[in-house]
Amino acid sequence: MKQQAAFVYSEDQLSYKFSDDHPFNHLRLKLTYDLLQKMGAIDDKHVQSPRMATDEEIGLIHDKPYIDAVKAAGEGRLSRGIANNYGLGTDDTPVFSNMHEAAALLVGGTLTAVDLVMEGKSEHALNLGGGLHHGFRGKASGFCIYNDSSIAIEYIRRHYGARILYVDTDAHHGDGVQWAFYDDPDVCTLSIHETGRYLFPGTGDVHEKGSGQGYGFSINLPIDAFTEDASFLEVYENAFKEMMEFFKPDVVVTQNGADAHYYDPLTHLSNSIRAYREIPKIAHQLSHDYCSGRWIAVGGGGYDMWRVVPRAWAMIWLEMTGQTHLLNQPLPSSWHHSWQARSPVQLPEDWSDPSDMYPPIPRRLEITDKNHKTLNKALFHIRNEKK
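Residues numbered from 1 in each chain as written. Predicted model: local features only at pLDDT ≥ 70, side-chain atom pairs only at ≥ 80, totals over all residues. Heavy atoms only, no water.

Enquirer: Is there a simple way to think about the overall build of the chain in this case?
Expert: Helix and strand counts for the chain stand at 13 helices and eight strands. Taking 2.2 N^0.38 as the reference for a compact globule, 387 residues should give roughly 21 Å; the C-alpha atoms of the chain span a radius of gyration of 20 Å, in line with that estimate. In terms of principal-axis extent, the alpha carbons of the chain reach across some 55 × 55 × 50 Å. Counting all 387 residues of the chain, 61% fall into the buried class. Taking as baseline every contact in the chain between residues at least 6 positions apart, the subset at least 24 positions apart corresponds to 78%. Total accessible area on the chain is roughly 15100 Å²; 48% of this is exposed by carbon and sulfur atoms. Side chains of the chain carry 36 positive and 51 negative charges; the gap between the two charge centres is 3 Å. (Helix = DSSP H or I, 4+ residues; strand = E, 2+ residues; numbered from the N terminus. Rg over C-alpha atoms; globule rule 2.2 N^0.38 Å. Buried < 20%, exposed > 50% of the residue type's maximum accessible area, 1.4 Å probe, protein only. Contact = heavy atoms within 4.5 Å. Areas by Shrake-Rupley, 256 points an atom, 1.4 Å probe, with all protein chains shown as cover. Lys, Arg positive; Asp, Glu negative; His and termini not counted. Charge placed at Lys NZ, Arg CZ, Asp CG, Glu CD.)

Encoded structure:
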């Protein structure tokens, strides 16, 4: 019998860890899962253990010499010079023990989610351990060793012959996924991100539209720094709806970075937690409107792992499972008590953010207008074709 949603999780996913002081810390997975458990929003019947991706599956996107280099690095057998050629051993992507196995488990988690949805066992599936969208064919980048989203998309193409719409709301451009399918007419990538003028990786301009047969199927919405909820959601919802209608995918894959929040230390956007309630709500509705509910969601960025990520990611699961009424209650005091001693900041006690979280943005109208123009520019060719 098909279930409504599956949650792919294991504490083994926390083994993807660069160092104690690295901003990418998958303890946020446990924080989120524990929050859902203490709310009574998840139980064992929903949870699926991730499998380990095979070398062949990872090789759908990544070159064998790169995979071999990752293995050697994780075993202490790769010189620093050669490691750097592969983007390993850098400040962003340091080498750590058994890094191949840790990264392969995250990939396998996303593939587990894919099979559950594409085989009709679950309408929706969530692997918060995935969403590592910066990895390239032969190089690590931006905290990402293997690009699970790209691997999953190619896996869907080959095993299920489906058309995929990939929607990325991480504050950083989903560059690795875009370039992997830049000339592919069966994959459409839609990325809403902070403009690369200020932020890594510096790509994702509105003029990056794809090439060859894939022209028109790469959509980029580089929004301005300090963008707030209303403008972010206007861009996201309109672009998502229009691309669903235009591209007509068989399945939606969403990357759910939570780093566009005002509290995030690595970005310059000004979303509140309200945006993270609406993002999965829109994805959920559109997946049912256009592709029979087939929706695979992964995690991504999010570097305020105490105040932001658990709430934002829990909202995806609550939306998938029709439990958003629980957002009317305070966060469980038992969750707060379990984690406050470890947190360097005061944990939130409810789902909303303080009304005075940040001072008024002086360029609000200008930013909103600029983002609206970016939306129109990004979708201009699609709107023309529809005419």
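Enquirer: For this particular structure, what's the right way to read the sheet that holds strand β6 (residues 218-223)?
Expert: The pairing of strands in a sheet comes from backbone hydrogen bonds and takes either a parallel or an antiparallel form. Pairing is parallel across the open sheet formed by eight strands, whose spatial order is β2-β1-β3-β8-β7-β4-β5-β6. Here the strands that pair on one side only, and so sit at the sheet edges, are β2 (47-48) and β6. Taken together, the four bridges between strand β7 (residues 251-255) and strand β8 (residues 295-298) define a ladder with parallel strand orientation. Across the sheet, residue T254 finds its bridge partner in β8, namely A297. Along the sheet face, helix α8 (residues 229-247) touches β4 (164-168), β5 (187-194), β6 and β7 and points at about 175 degrees away from the line of β5. (Pairing = 2+ DSSP bridges. Axes fitted to C-alpha atoms, helices over the stretch in contact; angles between N-to-C directions.)

Enquirer: Looking at this model, I keep getting lost on the environment of G214. Mind explaining?
Expert: Note on placement: G214 falls in the loop between β5 and β6. Sequence separation of G214 and P65 is 149 residues, and the distance between their C-alpha atoms is 28 Å. Those residues in contact with G214 that sit more than four places away from it in its chain are Y182, D183, D184, P185 and K209.

Enquirer: Just to check I follow, could you spell out the packing of aromatic side chains for this structure?
Expert: Aromatic ring pairs are defined here through the distance separating the ring centres and the angle between the ring planes. Following the criterion strictly, the structure yields 21 aromatic pairs and no others. Ring plane angle 80 degrees and centroid distance 5.9 Å describe the contact between Y16 and F96, whose orientation is recorded as edge-to-face. With Y16 in the loop between β1 (3-8) and α1 (27-39) and F96 in the loop between α4 (80-85) and α5 (99-118), this residue pair connects regions lying 80 residues apart in the sequence. The buried category is assigned to Y16, whose relative accessible area is 0%. An angle of 65 degrees between the planes, with centres 5.6 Å apart, marks the rings of Y236 and F240 as edge-to-face. Highlighted residues: Y236 and F240, both in helix α8, separated by four residues, approximately one helical turn. We classify Y236 as buried; its relative accessible area is 1%. Assessed through its relative accessible area of 0%, F240 is described here as buried. (Phe/Tyr/Trp six-rings, centres within 6.5 Å; stacked < 30°, edge-to-face > 60°.)

Enquirer: So what exactly am I meant to see when it comes to unusual backbone geometry here?
Expert: Peptide bonds are mostly trans, and most non-glycine residues show a negative phi. Cis geometry is found at the peptide bond from F200 to P201, where omega equals 5 degrees. Summarising the element assignment, P201 is placed in the loop between β5 and β6. One non-glycine residue, F143, lies in positive phi territory at about 75 degrees. Residue placement: F143 occurs in the loop between β3 (122-127) and α6 (148-160). The phi angle at S292 is positive, at roughly 55 degrees, despite the residue not being glycine. Here S292 is to be found in the loop between α9 (273-291) and β8. With relative accessibility at 52%, the residue S292 sits in the exposed group.

These results come straight from atomic positions and should not be treated as a statement about function.
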